[in-house]
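Coordinate analysis (summary)
As a plain string of letters, each chain reads:
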Amino acid sequence: LPLRTVPQCLFEHDIYFRSVQRQLFAGHGSWVAKSQELLEWLRGLRYEVAAAERFDAVFTCHEQEQRVLESVLGNGHPWILPGLRTAIDAANYHFPGGPREPDSLLFVGNFQHRPNAEGLEYFCREVFPLIRASRPTATLSIVGANADMEDAGRFSGDGIRLLGQVPDIREQGGVLDEWLG
């Protein structure tokens, strides 16, 4: 905004060009896909740096993100401040649905946001098997827009159900039953 006396701050909760960079160097895909990712990385880097330079201060979640932004912005302007957290104290909210199905987990997120897909893939591959080893009846239901159903193997394993986009999560048999008891 063209405000002259009000400081304008950006909360950079996810540096987009870094997400694209991780995908670019992940080693998956053809040379055509990698070329497209390279172009998207360059586009994202250019856009994000230009946008960040227009703010008086940029807040990041971690010091690592602060260092990355400082390296691409270079001149020390805007101020880049790490450690800002956004959170909801869930203990202050009463769960309206009654008791949950024991050992059930639910993931809800948009799969166009690469950190969602990357984090879920890691969770399914590395973390959920450890949970299942300790609690064999544990289940994970995955709901979200833009899930690539052809690539469901990334989000698979014993006890995992990938449902993709659903019209209303409250109306999903199984998922709703697990969460509302």
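Structure's up top.
These remarks concern the structure in this document. (Residues numbered from 1 in each chain as written. Predicted model: local features only at pLDDT ≥ 70, side-chain atom pairs only at ≥ 80, totals over all residues. Heavy atoms only, no water.)

At a closest axis distance of 10 Å, the pairing of helix H1 (residues 16-24) and helix H4 (residues 114-134) adopts a crossing angle of 45 degrees. Comparing their axes, H4 and H1 come out oblique. Remark: the crossing between H1 and H4 carries left-handed chirality. Contacts between H1 and H4 involve Ser19, Val20, Arg22 and Gln23 from the former and Arg114, Pro115 and Glu118 from the latter. (Axes fitted to C-alpha atoms, helices over the stretch in contact; angles between N-to-C directions. Helix = DSSP H or I, 4+ residues; strand = E, 2+ residues; numbered from the N terminus. Parallel < 35°, antiparallel > 145°, perpendicular 65-115°, else oblique. Left-handed = near helix turned anticlockwise from the far one by under 90°. Contact = heavy atoms within 4.5 Å.)

With that settled, the discussion passes to unusual backbone geometry. The phi torsion of most residues other than glycine is negative, and most of the peptide bonds are trans. If you check the backbone angles, Asp103 has positive phi at about 60 degrees while not being a glycine. Relative to the helices and strands, Asp103 resides in the loop between strand S3 (79-81) and strand S4 (104-108). Here Asp103 falls in the partly exposed class, since its relative accessible area comes to 22%. (Buried < 20%, exposed > 50% of the residue type's maximum accessible area, 1.4 Å probe, protein only.)

Bringing the nonpolar core into the picture now. In this structure, Phe111, Leu120, Cys124, Leu140, Ile142 and Phe155 are the most contacted members of the largest nonpolar core, which totals 13 residues. The leading source of residues in this core is H4, at four residues. Residue contacts for Leu120: discarding those within four places in its chain leaves Phe107, Phe111, Leu140, Ile142 and Phe155. (Core = buried A, V, L, I, M, F, W, Y, C linked by side-chain atoms within 4.5 Å.)

Spatially, the three strands line up as an open sheet ordered S1-S2-S3, and their pairing is parallel. Both outer strands of the open sheet, strand S1 (9-12) and S3, are each paired with one neighbouring strand and no more. Strand after strand, the sheet turns through a mean of 20 degrees between neighbouring axes, direction not considered. (Pairing = 2+ DSSP bridges.)

Going through the model one piece at a time under the given rule, you end up with seven salt bridges. In this structure, Arg135 and Asp103 form a salt bridge, with 2.6 Å as the shortest nitrogen-oxygen distance. Note that Arg135 is positioned in the loop between H4 and strand S5 (139-143) and Asp103 in the loop between S3 and S4, a separation of 32 residues in sequence. Glu121 is paired through a salt bridge with Arg154; the nearest N and O atoms lie 3.6 Å apart. Taken together, the positions of Glu121 in helix H4 and Arg154 in the loop between S5 and strand S6 (160-164) put the pair 33 residues apart, joining distant regions of the chain. Of the residues examined, Glu121 reaches a relative accessible area of 21% and is grouped as partly exposed. (Salt bridge = Lys/Arg side-chain N within 4 Å of Asp/Glu carboxyl O.)

Taken together, the side chains of Leu38, Leu39 and Leu42 make up a nonpolar region of the molecular surface, amounting to roughly 280 Å² of accessible area. Topologically, Leu42 is positioned in helix H2 (residues 31-52). With relative accessibility at 41%, the residue Leu42 sits in the partly exposed group. (Patch = residues over 30% accessible without salt bridge, like charges linked within 9 Å, V, L, I, M, F, W, Y side chains within 5 Å. Areas by Shrake-Rupley, 256 points an atom, 1.4 Å probe, with all protein chains shown as cover.)

By the element assignment, Gln66 lies in helix H3 (residues 63-73). Apart from the residues within four sequence positions on either side, Gln66 is in contact with Thr60, Ile80 and Pro82.

The next thing to look at is the layout of surface pockets. Quantified by volume, the largest pocket comes out at close to 470 Å³. Mapped by element, the contributors of at least two residues to the lining of the largest pocket are H1, H2 and H4. Take the lining of the largest pocket: its biggest share by element is six residues, from H4. In terms of residue class, the lining of the largest pocket is built from six nonpolar, four polar and 10 charged. Of the residues belonging to the lining of the second largest pocket, the class tally is three nonpolar, three polar and four charged. (1 Å grid on protein atoms, 1.4 Å probe; cavity = no way out; pocket = protein on both sides within 12 Å on 5 of 7 lines; lining within 4 Å. Points joined across faces, edges and corners; volume = space filled by probe spheres on them. Nonpolar A, V, L, I, M, F, W, Y, C, P; charged D, E, K, R; others polar.)

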